[in-house]
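# Secondary and tertiary structure notes
The residues making up each chain are set out below.
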Amino acid sequence: MPIQTDYHMHTPLCQHAVGPLEAYVERAIELGLREIGFSDHNPLPNGYGANVRMKESELDYYVQRVLDLRFQYRGKIEILLGLEMDFVEGLENYLAEQTTRYPFDYIIGAVHYLDSQCRLGAWSRDCPYPVDEQYARYFAGIRKLAQSGLCDIIAHFDVVKRSTRQPSERGLSEIPVTLAEIKRAGICMEINTSGYRHPELPEPQPYPTLPVVAEAIALSIPLVVNSDSHAPEQVGLAFSGVEGFLHRNNCRQLARFERRQRSFYTL
Ligand SMILES: [Zn+2]
Ligand SMILES: [Zn+2]
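Residues numbered from 1 in each chain as written. Chains lettered and ligands numbered in written order. Predicted model: local features only at pLDDT ≥ 70, side-chain atom pairs only at ≥ 80, totals over all residues.

### Some points on the overall build of the protein
Each helix and strand in the protein was counted, giving nine helices and nine strands. Over its C-alpha atoms, taken along the principal directions, the protein stretches across nearly 50 × 45 × 35 Å. Here the protein, with 267 residues, has 45% of them falling under the buried criterion. (Helix = DSSP H or I, 4+ residues; strand = E, 2+ residues; numbered from the N terminus. Buried ≥ 20, exposed ≤ 12 C-beta atoms within 10 Å, placed from the backbone.)

### As for the packing of helix α5 (residues 131-148) against helix α7 (residues 174-185)
One can describe the packing of α5 onto α7 by two numbers: an axis separation of 9 Å at closest approach and a directional angle of 5 degrees. As the angle between them shows, α5 and α7 are arranged roughly parallel. Every residue of α7 that contacts α5 at Tyr135, Ala136, Phe139, Ile142, Arg143, Ala146 and Gln147 is listed here: Glu174, Thr178, Glu181, Ile182 and Ala185. Grouping the amino acids of the contact of α5 with α7 by side-chain chemistry returns seven nonpolar, two polar and three charged. (Axes fitted to C-alpha atoms, helices over the stretch in contact; angles between N-to-C directions. Parallel < 35°, antiparallel > 145°, perpendicular 65-115°, else oblique. Contact = placed C-beta atoms within 7 Å. Nonpolar A, V, L, I, M, F, W, Y, C, P; charged D, E, K, R; others polar.)

### Quick look at the sheet that holds strand β4 (residues 106-110)
With parallel pairing, the seven strands of this open sheet are ordered in space as β1-β2-β3-β4-β5-β6-β7. With partners counted over all chains shown, the strands left at the sheet margins are β1 (5-9) and β7 (223-226), one partner each. Bridge analysis of strand β3 (residues 78-86) against β4 gives five bridges, and the strand direction is parallel. Pairing of glycine 82 across the sheet is with tyrosine 106, part of β4. (Pairing = 2+ DSSP bridges.)

### Observations concerning the environment of tyrosine 129
Assignment of secondary structure puts tyrosine 129 in the loop between α4 (123-126) and α5. Between the C-alpha atoms of tyrosine 129 and cysteine 118, which are 11 residues apart in sequence, the distance is 9.5 Å. Leaving out residues up to four positions away in the same chain, tyrosine 129 has contacts with Leu114, Gln134 and Arg137.

### Details of the pairing of β1
Counting buried residues along β1, five of its five residues qualify, which places the element largely inside the surrounding structure. Taken together, the three bridges between β1 and strand β2 (residues 35-41) define a ladder with parallel strand orientation. Across the sheet, aspartate 6 pairs through a bridge with isoleucine 36, a residue of β2. Between β1 and its parallel partner β2, the chain crosses via helix α1 (residues 21-31), and the hand of that crossover is right-handed. (Right-handed = clockwise from strand over helix to strand, strands pointing away.)

### Description of the nonpolar core
In this structure, Met85, Cys151, Ile153, Ile154, Met189 and Leu223 are the most contacted members of the largest nonpolar core, which totals 74 residues. Per-element tally for this core: the top contributor is α5, with seven residues. Setting aside residues up to four positions removed in sequence, cysteine 151 forms contacts with Met85, Ile107, Ile108, Gly109, Leu145 and Ile187. (Core = buried A, V, L, I, M, F, W, Y, C linked by C-beta atoms within 7 Å.)

Function cannot be inferred from these measures alone, as they are strictly geometric.
The structure is reproduced here in structure tokens:
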């Protein structure tokens, strides 16, 4: 069977995605996906990244909107309730409360900050750290996220490569250590195809890069394939190519979620 799910879709509430939610759903139906989920950027306190996420006061509305959509499209496609949770050290209690307050089907955990000043996208411009230090800080954040127990799926594993130049061996050595930590934590990782539409990457590639996906398969880390859509036409982007890669590397099952319980389907 082909890839059946796309769990990483944003909504205009995060202020940098476009298009009505219905257009994302219709695109997914057109592509033959069976189950999709919205996972918009979560609110954070103290104005943290306030221009790229929904407000605290909008979270109730977001949840209700997705649940209404689930009802509206029942029988046509399954719609799950997710959230992309920014992991920020020191906010663990806040995040634990937020992610258990609603009937989420899964939480995608992401690291977008190297410290309170240094956000992804700005990393290449104003980041005070040299590239290996950026890798070290980013992947240390991913390991803490994996250990935190706050999420079900690790977002765009090596997205640090988007804003930085090629690291040395020392920077790259963070990758196997971090994969091992995800394996130990027993959580799922996404293959995020948004890299295929990011022109700043030296060549079209997902997050993580395909050789790292192969390592994850070898470690039997549970996987999902996600588009990280910020516009309806990005839903399911490049899924067929990734599917071929998974087949060639003997990955025969992918994860799915419901009320934060994981199961698998055969690919
Ligand atoms: Zn986004
Ligand atoms: Zn992200």
